[in-house]
Amino acid sequence: MESDDDVPLILTWDESNSGLLHDEESERGDQNGGGNYDIVNNAVVSTPGVQSSKTQNAALKQSWEMNYQEAAIYLQEGENNDKFFTHPRNPKALAAYLFAHNHLFYMMELVTGLLLLLLSLCEAPAVPSLRLDIYVHATLELLALLLVAFELCMKLRWLGFHTFIRHKRTMVKTCVLLLQFVEAFVVLIRQTSHMRVTRALRPIFLVDCRYCGAVRRNLRQIFQSLPSFIDILLLLLFFMVIFAILGFCLFSTNTADPYFNSLENSLVSLFVLLTTANFPDVMMPAYSKNRWSCVFFIVYLSIELYFIMNLLLAVVFDTFNDVEKMKFKSLLLHKCSAIDHAFQLLVSRQRPMGVSLKQFDGLMRFYRPRMSARDRFLTFKALNTSGAPMLSLQEFYKFYEVIGLKWKPRRSREHWFDDLPHTAFLIFKGIHLVVKSKAFQYAMYVVVAINGVWILVETFRMDSGYSWSEFVPLSYIVFLTIYGVEVLLKIAGLGPLAYFSSGWNLFDFSVTVFAFLGLIALAFNMEPFYFIVVLRPFQLLRLFKIKQRYRNVLDTMFELFPRMASLGLTLIIFYYSFAIVGMEFFADMVYPNCCNTSTVAESYRQINKTYGNKTVLEEGYYYLNNFNDILSSFVTLFELTVVNNWYITMEGVTSMTSHWSRLYFMTFYIVTMVVMTIIVAFILDAFVFRMNFSRKNRDPVDNPEDENGIVFEVEVGREEVLATLELYKQTCPSVSSLSSLSAVLQAMDKSGHTSLVYLGRRSRTKSDLSIKMYEEEIQEWYAEYSSECLPQGDENLNVDQSGPVVADPSPSQEQPLDSQGGRHSIN
């Protein structure tokens with residue numbers, strides 16, 4: 001543990017009040033012992049040679065606090081994958097940085113972006129029930145844009161002008177902001193709306209929000225996959241043009257064939273045929289004249305649909321796989337670089353090769369302000385695998401692995417019921433043995449399977465007049481009773497904490513509770529809650545725990561949920577932009593009985609027909625697929641995404657506008673094809689990754705319900721805790737900081753032991769799987785990083801205890817941590 005007069009190796013705080021300095025431009029020296037000098041921007045500035053001890057300690061403490069804060073910023077930039085050129089470089093930039101990096105500011109960004117998007121509900125063409133006066137929505141838009149301008153001003157103050165204009169995403173956002181300001185002012189002054197296609201750019205404000213980082217990564221991956229996608233797309237379009245010319249030459253002589261009567265119609269027909277939406281309709285006129293004409297369509301579909309489209313998926317998947325791997329490598333090495341920067345800010349002149357507990361605790365007070373003193377101490381212990389007083393750089397490389405751990409003391413007892421009276425102990429011990437036995441598990445699987453078959457039989461026997469309110473099925477009560485008994489037995493045998501720590505047990509408990517609620521709804525005729533009964537078949541998912549492959553599928557599905565949500569939001573952003581363009585060009589263009597001159601007129605028909613004495617309204621319904629407001633546009637675009645009969649919507653709009661309108665629909669199909677291909681590639685990559693990981697790490701799993709995740713084990717002794725408590729009394733003597741450590745001593749006194757073992761747990765992420773999956777590659781990446789980024793030898797760091805210190809701001813020469821080092825397990 002360092003003494004109070006330890007001096008930071010790198011000073012970010014200049015004692016002549018210049019504030020944060022560039023690491024590359026700041027050095028401190030002592031000339032002949034006669035006074036101190038600050039070398040700032042190659043200029044020597046003298047400072048007083050004699051200071052009181054109190055003043056020196058205050059300045060030293062201030063320097064350390066600045067170092068702690070900047071080290072925390074570096075680690076946050078590593079965690080968020082923020083580039084280091086955006087790092088704050090002076091006190092004003094630091095103030096703006098801290099203001100812009102808090103959850104209130106992030107929430108303001110998110111709310112502003114959402115408000116700008118939601119304005120499309122009340123702007124012309126508006127949803128009828130949400131229409132607002134032009135003055136109101138234009139004023140709201142200006143207020144939102146002013147908030148965006150404020151956000152950019154804070155970013156400018158933090159980044160500086162030269163860095164600001166180098167930041168591409170920020171410059172795009174600034175240009176769009178200026179354009180939106182001009183249009184909003186025009187609307188407010190003219191008091192009338194005009195064609196505003198630029199509203200399609202509003203999602204940029206939402207995408208730039210901190211909470212939408214996953215969406216930005218998705219967009220980045222889409223753009224990175226575009227070159228290979230475009231190559232195959234050009235090949236696909238080339239064959240389409242060739243077949244369009246051939247089809248026009250072969251079938252244009254048939255006056256009854258509207259699909260190939262011109263080269264334009266031939267291209268459009270074959271483009272739609274690629275989606276199979278008009279097959280076999282597009283073939284039938286030619287096929288009725290000559291049966292051999294089917295060869296043309298079979299060859300076209302075989303080449304375009306079954307070969308090139310699948311080739312497109314394969315190429316995108318391969319590119320996506322490489323992008324994912326390179327993204328993981330980039331993030332891993334970026335975190336290493338952040339740790340290198342932070343380490344140099346935490347070591348002292350007297351001890352430049354390690355970080356003490358005091359320095360680590362100072363870092364964590366800024367990096368995780370809400371973390372308790374006990375957890376900060378345990379996190380330090382988890383990193384300190386060598387048992388030395390200081391953390392080496394090699395140990396500090398594991399920082400991101402341990403920072404998310406939730407610490408709990410390990411129970412000294414094997415079971416929760418060990419301290420109960422003998423009779424109760426024997427009863428619960430027997431229950432424990434039963435619920436942990438294979439026979440019990442497979443007996444429950446059999447019950448679930450029988451329940452599934454019974455549900456199918458009951459559903460098959462239902463007629464259209466069946467009503468749940470008539471009676472409660474006896475089978476429902478029987479199986480629900482069995483599930484309830486199982487839950488109670490497991491809670492009694494395993495203990496509540498052990499039971500609810502398993503994801504599968506939580507799932508079983510939730511489904512069983514909902515089933516009981518459904519039974520209550522049926523018994524008391526609570527009709528609005530009958531839908532709960534439909535959740536009964538979810539119990540059947542428990543059968544997938546039997547086989548490893550099924551567990552892999554379900555694990556992949558659960559892991560995909562967060563990422564799929566971001567991909568869904570990415571797709572919605574594309575929908576929004578296309579919906580705005582569609583509303584500006586096609587609003588109120590489609591209505592009942594329109595398109596009478598087109599080939600799809602029947603789909604838009606709305607007429608009354610009389611059959612005997614009865615008059616019936618016959619509707620084609622496709623007039624409902626319109627762009628009259630944002631909500632209708634979203635529904636229409638979703639139908640176009642599904643591609644079934646999408647050409648009817650396209651031809652209907654085209655007949656009422658211009659044949660150039662087809663470009664809108666074709667472009668939308670290509671864009672959605674890109675996004676959907678990326679989604680499919682992402683699902684394939686996640687599943688293949690999980691399968692390869694399972695093959696490479698064939699760890700036997702006796703109980704498929706065990707889900708320990710990442711587990712670190714730390715043992716703390718009484719003397720360590722007392723020494724740490726004394727340290728905290730000096731550095732942060734608040735009651736809240738000391739209470740958590742005092743609780744450790746109280747637990748030791750209560751148990752009668754001189755040491756306690758704590759377990760740190762967190763859920764397993766794909767990054768953890770990737771570390772094990774790419775073990776060999778990671779060592780190569782680390783070697784490459786070490787040779788390129790870390791200095792060789794000791795000449796860059798010269799330390800003299802009594803003389804001047806000249807520190808190179810480059811990271812230390814120690815090698816990064818081996819990916820498998822440390823006392824922890826991945827289950």
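Scroll up to find the structure.
Residues numbered from 1 in each chain as written. Predicted model: local features only at pLDDT ≥ 70, side-chain atom pairs only at ≥ 80, totals over all residues. Heavy atoms only, no water.

A. Up close: the overall build of the protein. Summing up its helical and strand segments, the protein has 28 helices and 13 strands in all. Long-range pairs, those at least 24 residues apart, make up 73% of the contacts in the protein with a sequence separation of at least 6. Roughly 41400 Å² of accessible area belongs to the protein as shown, and the carbon and sulfur atoms make up 63% of that amount. (Helix = DSSP H or I, 4+ residues; strand = E, 2+ residues; numbered from the N terminus. Contact = heavy atoms within 4.5 Å. Areas by Shrake-Rupley, 256 points an atom, 1.4 Å probe, with all protein chains shown as cover.)

B. Representation of the environment of Val653 within the structure. Secondary-structure assignment places Val653 in helix α23 (residues 646–656). Residue classification places Val653 among the buried positions, given a relative accessible area of 1%. (Buried < 20%, exposed > 50% of the residue type's maximum accessible area, 1.4 Å probe, protein only.)

C. Examining the packing of helix α4 (residues 134–159) against helix α6 (residues 168–190) more closely. In contact at an axis separation of 10 Å, α4 and α6 are set at 155° when each is read in the N-to-C sense. Of the possible angle classes, the one that applies to α4 and α6 is roughly antiparallel. Taken as a pair, α4 and α6 cross one another with a handedness that is left-handed. (Axes fitted to C-alpha atoms, helices over the stretch in contact; angles between N-to-C directions. Parallel < 35°, antiparallel > 145°, perpendicular 65-115°, else oblique. Left-handed = near helix turned anticlockwise from the far one by under 90°.)

D. Summary view of the pattern of salt bridges. Scanning the entire structure with this criterion turns up 25 salt bridges. Ionic contacts of the salt-bridge type, sharing partners, join the residues Glu123, Glu141, Glu183, Arg196, Arg199, Arg202 and Glu584 into one network. (Salt bridge = Lys/Arg side-chain N within 4 Å of Asp/Glu carboxyl O.)

E. Spotlight on the pairing of strand β8 (residues 614–619). Pairing analysis gives six bridges linking strand β7 (residues 606–611) to β8, with the strands arranged antiparallel. Counted as the bridge partner of Gln606 is Glu619 from β8. Once β7 ends, the chain turns through two residues before running back antiparallel as β8, passing Gly612 with a positive phi of about 70°. (Pairing = 2+ DSSP bridges.)

F. Up close: the nonpolar core. One finds Leu270, Phe297, Tyr604, Leu637, Trp646 and Phe665 to be the most contacted residues of the largest nonpolar core, which totals 82 residues. With 13 residues, helix α24 (residues 662–696) is the single largest residue contributor to this core. Excluding anything up to four places from it in sequence, Phe297 contacts Phe251, Phe260, Leu273, Phe279, Val282, Met283 and Ala286. (Core = buried A, V, L, I, M, F, W, Y, C linked by side-chain atoms within 4.5 Å.)

G. Structural context of unusual backbone geometry. Looking along the chain, the bond that leaves Ala124 and enters Pro125 is cis, with omega of -5°. Along the polypeptide, Pro125 turns up in the loop between α3 (103–118) and α4. The omega torsion across Phe279 and Pro280 is 5°, close enough to zero to call that bond cis. Looking at where Pro280 falls in the secondary structure, it is placed in the loop between α9 (263–274) and α10 (284–289). At Asp588, a position not held by glycine, the phi torsion is positive, near 60°.

What is shown is where atoms sit, not what they do.
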